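# Fold and contact review
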Amino acid sequence: MTITDELSNYLKELETLKIEFTDKDDGYHRLDSHIKRVNEDFILLDSPEGILPADGSMLNLIFPRKNGVLIARCSFLEKQTGTLPGIKVSYPYNTQILERREYVRVPLRLRTKITCSFDKNSAEKESFYVVTRNISGSGICFLYDKSLQGCEEEIKCKIYINDGNPNPIRVKCKYVYSKKARIKNNIFYITALKYISLSEEDSARIVKECFKYQINHRHVK
């Protein structure tokens, strides 16, 4: 079954979903909704009371699947009033399937301070700065000239996000892998880390930045 065929199974009245969007004040929202009507040129969704997407903004429609979610990207058209109120959105112009507990990963380049011990038999810590290759709500990936394979116990990260909050995101991470890569005749390691302690506030900051990246690159495949 193609993604288009699968998506058509969800585009029906009373289908439940979550909608992800930013409002006119740049506030991020991920709220429960459902489909009220499917017309030829738009889809009508139940509108969360008092909250509307910014005019002309992008929305993610997030449908639960057996082993994950299907994310359909749409544009907000307008608010509908009258006997059948709600919000009108365009038909999806892009879709993505994610496995359970997976998050959208985007190539945001963020300055990050890593603190760890390369010798698990030593209490001495080493700190260095990297720039992320990509980031999601579950982890980060970056390039460094050493493998972090020996840093499997505890890795601390400070992620600097330019979102108006002067405080970096502080998170403890778990080593996932380091893959060797040759770049301009030099050996580097592409390293992935998974968050193991992340506050709800910081998680929301990361997910919001990932969503805003999607908005800013909505026509980039």
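That block above? That's the structure.
Residues numbered from 1 in each chain as written. Predicted model: local features only at pLDDT ≥ 70, side-chain atom pairs only at ≥ 80, totals over all residues. Heavy atoms only, no water.

A word on the environment of tyrosine 28. With respect to the helices and strands, tyrosine 28 occurs in strand β2 (residues 28-38). Through-space distance from the C-alpha of tyrosine 28 to that of glycine 139 is 20 Å; in sequence the pair is 111 residues apart. With near-sequence residues (within four places) excluded, tyrosine 28 lies in contact with Glu20, Phe21, Thr22, Val207, Lys208 and Phe211. Looking at tyrosine 28, its side chain comes within polar contact range of the side chain of glutamate 20, at 2.4 Å. (Helix = DSSP H or I, 4+ residues; strand = E, 2+ residues; numbered from the N terminus. Contact = heavy atoms within 4.5 Å. Polar contact = N/O pair within 3.5 Å; in protein donor to acceptor, adjacent residues only side chain to side chain.)

All chains considered together, the criterion is met by 10 salt bridges. Between lysine 36 and aspartate 46 there is a salt bridge; the shortest N-O distance is 3.8 Å. Of this pair, lysine 36 sits in strand β2 while aspartate 46 is found in the loop between β3 (43-45) and β4 (58-65), placing the two residues 10 residues apart along the sequence. For aspartate 46, a relative accessible area of 25% corresponds to the partly exposed category. Here aspartate 163 makes a salt bridge to arginine 205, at a shortest N to O gap of 2.9 Å. Highlighted residues: aspartate 163 in the loop between β11 (155-159) and β12 (169-183) and arginine 205 in helix α2 (residues 200-216), separated in sequence by 42 residues. Arginine 205 sits in the buried class, given a relative accessible area of 9%. Several salt bridges converge on common partners, so that one network encompasses Asp163, Asp202 and Arg205. (Salt bridge = Lys/Arg side-chain N within 4 Å of Asp/Glu carboxyl O. Buried < 20%, exposed > 50% of the residue type's maximum accessible area, 1.4 Å probe, protein only.)

The values reported here are purely geometric and, on their own, carry no functional implication.
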